[in-house]
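Fold and contact review
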Amino acid sequence: VKQDGKHTTYYIRWRGMLERCYNPKYQEEKKTYVGCSVVEEWHNFQNFAEWMEQNYNPETMKGWHLDKDILVKGNKIYSPETCCFVPQEINKTFTTKKRGVCLGVVSVGKKFRSVISIKGVQNHLGYFKTYQEAFRAYKTAKENYIKEVADKWKDKIDPRVYQAMYNYQVEITD
C-alpha cells in the first residue's frame, strides 16, 4: 500500500476505482459512475495489485487511466476481463456530451447542425435536413477519429484495446 511513506500507484488506482463505484458524493458529480461496481475479487487490494502488476508498466504507462468500458462498450463492472490501461488521449476520445437533439447534433432553425469535438475544439461538420443525416455525419467523423487515435497508439496499447477501438460503433442512443 505504501512505499517510502507514500501510497503506491497500485493503491491509488485501487482506491480511485472503489471511490468511483461506491462513493455517493463522487457519483453526485460524475453521474456516469452510478450503477458501477467492482468484481468481488478486486475488493481485496492484493488481488487487484496482482492483476495490475501483470497489466501495467510504470515506465511506459505513467499517467495512463484504468478503463472499464473500452473493451466492453457500456460496461459498468471493473474486472480483470473488462479493464485495461489507456493513455488519457484514448480515454478522452470516448468522452461524449449530449447537447441537443442527439449525440453530435443540434437544431438550428429548420436544419440540424452536426458537430464533433476533438481535443476540446468544436468542428462543424455541416447542416442537414434531418437529425438522422446530421447524426450519420457525426458517427462517421467520430468513428474515423477513434481509428486515427488507435493507429497513433497501436504499438503502445494492448492489442485488445486497438481492436475494440477499430470495431467501435457510435450509436444514436449513446
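Refer to the structure above for everything that follows.
Presented here is an overview of the structure given in this document. (Residues numbered from 1 in each chain as written. Predicted model: local features only at pLDDT ≥ 70, side-chain atom pairs only at ≥ 80, totals over all residues. Heavy atoms only, no water.)

This brings us to the environment of Glu89. Counting through the fold element by element, Glu89 comes out in helix α4 (residues 88–93). Spatially, the C-alpha atoms of Glu89 and Leu125 are 22 Å apart, while their sequence positions differ by 36 residues. For Glu89, the contacting residues outside a window of four places in its chain are Lys119, Tyr145, Val149, Lys152 and Trp153. A distance of 2.9 Å separates the side chain of Glu89 from the side chain of Trp153, its partner in a polar contact. (Helix = DSSP H or I, 4+ residues; strand = E, 2+ residues; numbered from the N terminus. Contact = heavy atoms within 4.5 Å. Polar contact = N/O pair within 3.5 Å; in protein donor to acceptor, adjacent residues only side chain to side chain.)

Scanning all chains against the criterion turns up six salt bridges. As a salt-bridge pair, Glu89 and Lys152 come within 2.8 Å of each other at their nearest N and O atoms. Within this pair, whereas Glu89 is found in helix α4, its partner Lys152 is found in helix α5 (residues 131–153), the two being separated by 63 residues in sequence. The buried category is assigned to Glu89, whose relative accessible area is 18%. Among the charged side chains, a network of salt bridges with common partners joins Glu89, Lys119 and Lys152. (Salt bridge = Lys/Arg side-chain N within 4 Å of Asp/Glu carboxyl O. Buried < 20%, exposed > 50% of the residue type's maximum accessible area, 1.4 Å probe, protein only.)

The next point concerns the layout of surface pockets. If you roll a probe as big as a water molecule over the atoms, it shows you where there is empty space left. Here the largest pocket is characterised by a volume of approximately 1,100 Å³. Lining the largest pocket are 32 residues, and of these Thr32, Tyr33, Asp69, Asn91 and Thr95 sit closest to its centre. Broken down by secondary-structure element, the contributors of at least two residues to the lining of the largest pocket are α1 (9–22), β4 (65–67) and α4. With six residues, α1 is the single largest residue contributor to the lining of the largest pocket. By residue class, the composition of the lining of the largest pocket is eight nonpolar, nine polar and 15 charged. (1 Å grid on protein atoms, 1.4 Å probe; cavity = no way out; pocket = protein on both sides within 12 Å on 5 of 7 lines; lining within 4 Å. Points joined across faces, edges and corners; volume = space filled by probe spheres on them. Nonpolar A, V, L, I, M, F, W, Y, C, P; charged D, E, K, R; others polar.)

Before going further, it helps to spend a moment on the environment of Phe94. With respect to the element layout, Phe94 can be found in the loop between α4 and β7 (105–108). What makes Phe94 buried here is its relative accessible area of 17%. Along the sequence, Phe94 and Tyr168 sit 74 residues apart, while their C-alpha atoms lie 9.8 Å from each other. Leave out the neighbours within four places in its chain, and Phe94 touches Ile70, Ile146, Met165 and Tyr168.

A separate point is the sheet that holds strand β8 (residues 111–118). Strand order in this open sheet of three strands is β7-β8-β9, and the pairing throughout is antiparallel. The open sheet has two edge strands, β7 and β9 (121–128), and neither has a second partner. Between one strand axis and the next, the sheet turns by 30 degrees as a mean value, whatever way the strands run. Its contacts with the sheet put α5 on β7, β8 and β9, and the angle it makes with β8 is roughly 15 degrees. (Pairing = 2+ DSSP bridges. Axes fitted to C-alpha atoms, helices over the stretch in contact; angles between N-to-C directions.)

In this structure the tally under the stated criterion is one cavity of 30 Å³ or more. Within this model, the largest cavity holds a volume of roughly 40 Å³. Tallied by class, the residues present in the lining of the largest cavity amount to six nonpolar, one polar and two charged.

Turning our eyes to something else, we now look at the side chain of Arg13. In this structure, Arg13 sits in helix α1. Buried charge without a salt bridge: Arg13, with Asp67 as the nearest opposite-charge side chain at an N-O distance of 11 Å. (Lys, Arg positive; Asp, Glu negative; His and termini not counted.)

Treat this as a map of the structure, not an account of what it does.
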